[in-house]
There are 2 protein chains.
Amino acid sequence: MPAPTLHATTAQWLTKDNQRYTSQRRALVAVLADAVQPLTIPQLLERQPGLAQSSAYRNLAVLERAGVVRRIVTSDEFARYELAEELTHHHHHHLICTDCGGVTDFELSDAIEHTLETALAAMAARTGFVIRDHQLDIVGTCPKCRSGG
Amino acid sequence: MPAPTLHATTAQWLTKDNQRYTSQRRALVAVLADAVQPLTIPQLLERQPGLAQSSAYRNLAVLERAGVVRRIVTSDEFARYELAEELTHHHHHHLICTDCGGVTDFELSDAIEHTLETALAAMAARTGFVIRDHQLDIVGTCPKCRSGG
DNA sequence: ATTTATGCAAATCGTTTGCAAACCT
DNA sequence: AGGTTTGCAAACGATTTGCATAAAT
């Protein structure tokens, strides 16, 4: 159940980037909003029959440039896509399963997240690096693969 | 200046994995030990003339399986390689510059690192996920690109 | 001797791109 | 009309692999 402002905000961000909010792009955003975890291109094509692979790549690139979508690249064969945190207001990190390649979201407590961000800001100030984003990935084995393997 | 135990430990880990510590692999480890940041394959080939590209890929895969080397994959075109933390005893994270693609290491204070690890362990216990490793990446712009761009 | 490592060139495969038709405004 | 988007098929490029030779044990 996407928030009512989801498509409105997306449209706005695309417009700001001189891009149109076409029906395909709207459908992509809807699928990503419904997904419980970041999706690969094959998974997106499965959930959106009739979508050409090249259009998926192109539209996701457009959505990424507009800040609507985030691309996650693991050592897995496919990249994965999810809605940007700025859009979902849902701060989270990733559990990456080395067995099945799946990516699951998790959250830290606000306190720890805040501590971490403060430390990173201090580090950035020290080094002159400008932080755009941070990404905490946990690599290991998910419960499903742990029992099934 | 590599620690005296570097090659000894590497040899031991490779042997445990039924792999030989050939001169090429030794040279790769030496180059990585000298590097101040994770290196791409082209950078490795530059620093080790005469090394075949395919051998670089193959040997780095062997070293990665043995736990000697860690492969870092960003959205950049090339993957990057560095010595594993278990070998350098040097806990660190990565600053990834979206401009030049460079990866720079940084450390958090022991206190924050410990807080973070405790929180992650609790999360793992809650979800049933088995943690092998965690990776904290900061995405942004490095000082060089910030002034030069 | 037998297994493993290496270099070369070719294959692989996720992703990107050229182009003509369909779409929007 | 004037631009953008889409689908198809072809191109791209980092990585992998087959095979014959060299090295290691």
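Residues numbered from 1 in each chain as written. Chains lettered and ligands numbered in written order. Predicted model: local features only at pLDDT ≥ 70, side-chain atom pairs only at ≥ 80, totals over all residues. Heavy atoms only, no water.

Draft legend 1. Structural context of the relation of the copies chain B and chain A. It takes a turn of 180° to lay chain B on chain A, together with a shift of 0.0 Å along the axis; the resulting RMSD is 0.1 Å. Each copy turns onto its partner about a two-fold axis. The rotation axis passes nearest to the C-alpha of Leu136(B) in chain B, at a distance of 2.2 Å. When the interface residues of chain B are mapped onto chain A, 100% of them again lie at the interface, so the same face is used by both copies. (Least-squares fit on C-alpha atoms with pLDDT ≥ 70 in both. Contact = heavy atoms within 4.5 Å.)

Draft legend 2. Representation of the sheet that holds strand 6 (residues 130-141) of chain B in the model. Taken together, six strands build an open sheet; the order of strands is 5(A)-4(A)-6(A)-6(B)-4(B)-5(B) and the sheet is mixed. Among the strands making up the open sheet, the edge pair consists of strand 5 (103-106) of chain A together with strand 5 (103-106) of chain B. Taken pair by pair, the neighbouring strands of this sheet meet at an average axis angle of 30°, ignoring direction. By the bridge criterion, four bridges tie strand 4 (residues 93-97) of chain B to strand 5 of chain B in an arrangement that is antiparallel. Bridge pairing in strand 5 of chain B places His94(B) opposite Asp105(B). Packing against the sheet, helix 6 (residues 110-127) of chain A makes contact with strand 4 (93-97) and strand 6 (130-141) of chain A together with strand 4, strand 5 and strand 6 of chain B, and its axis sits at approximately 125° to strand 6 of chain A. Against the sheet, helix 6 (residues 110-127) of chain B contacts strand 4, strand 5 and strand 6 of chain A together with strand 4 and strand 6 of chain B, and its axis sits at roughly 125° relative to strand 6 of chain B. (Pairing = 2+ DSSP bridges. Helix = DSSP H or I, 4+ residues; strand = E, 2+ residues; numbered from the N terminus. Axes fitted to C-alpha atoms, helices over the stretch in contact; angles between N-to-C directions.)

Draft legend 3. Quick peek at the protein's contact with DNA strand C. Around DNA strand C, 19 residues are found, and the nearest of them are Tyr57(A), Gln24(B), Ser55(B), Arg58(B) and Asn59(B). For DNA strand C, the fraction of atoms within 4 Å of the protein that belong to sugar or phosphate moieties is 67%. One of the side-chain nitrogen or oxygen atoms of Tyr57(A) is found 2.4 Å away from a phosphate oxygen of DNA strand C. Side-chain polar atom of Gln19(B) to a phosphate oxygen of DNA strand C: 3.3 Å apart, as the coordinates give it. (Near = heavy atom within 4 Å. Polar contact = N/O pair within 3.5 Å; in protein donor to acceptor, adjacent residues only side chain to side chain.)

Draft legend 4. Inspection of the domain arrangement of chain A at higher detail. Residues and elements named next belong to chain A. Along its sequence, chain A is organised into domain 1 (1-90) and domain 2 (91-149). Facing 12 residues of domain 1, the contacting portion of domain 2 comprises 13 residues. Summing both sides of the interface, domain 1 and domain 2 together bury roughly 1100 Å²; the carbon and sulfur share of this comes to 43%. Together, Arg-70, Glu-85 and His-90 form the three largest contributors to the area buried by domain 1 at its contact with domain 2, with a combined 46%. Viewed at the interface, domain 2 and domain 1 are joined by one salt bridge. Of the charged contacts, one joins Asp-133 and Arg-70 as a salt bridge, the two residues approaching to 3.4 Å between their closest N and O atoms. Connecting domain 1 to domain 2 are 10 residue pairs in polar contact (both at pLDDT 80 or more). Within the residue set of the side of domain 1 that touches domain 2, elements represented by two or more residues are strand 2 (69-72) and strand 3 (80-83). Residue composition of the side of domain 1 that touches domain 2, grouped by class: three nonpolar, four polar and five charged. (Domains from an automatic or database assignment. Buried area = accessible area lost by both parts, 1.4 Å probe. Salt bridge = Lys/Arg side-chain N within 4 Å of Asp/Glu carboxyl O. Nonpolar A, V, L, I, M, F, W, Y, C, P; charged D, E, K, R; others polar.)

Draft legend 5. Structural detail: helix 6 of chain B. End to end, helix 6 of chain B covers 26 Å across 18 residues, agreeing with the expected 26 Å (1.5 Å per residue, within 8%). Buried residues of helix 6 of chain B: Ile112(B), Glu113(B), Leu116(B), Ala119(B), Leu120(B), Met123(B) and Ala124(B), and no others. Buried residues in helix 6 of chain B, looked at end-on, bunch into an arc of 140°, giving them a common side. Structural note: helix 6 of chain B exposes Asp110(B), Ala111(B), His114(B) and Ala125(B) on the side pointing more than 90 degrees away from its buried face. Next to the buried residues of helix 6 of chain B lie strand 4, strand 5, helix 6 and strand 6 of chain A together with strand 4 and strand 6 of chain B. (Expected span 1.5 Å × (residues − 1). Buried < 20%, exposed > 50% of the residue type's maximum accessible area, 1.4 Å probe, protein only. Arc of directions from axis to C-beta.)

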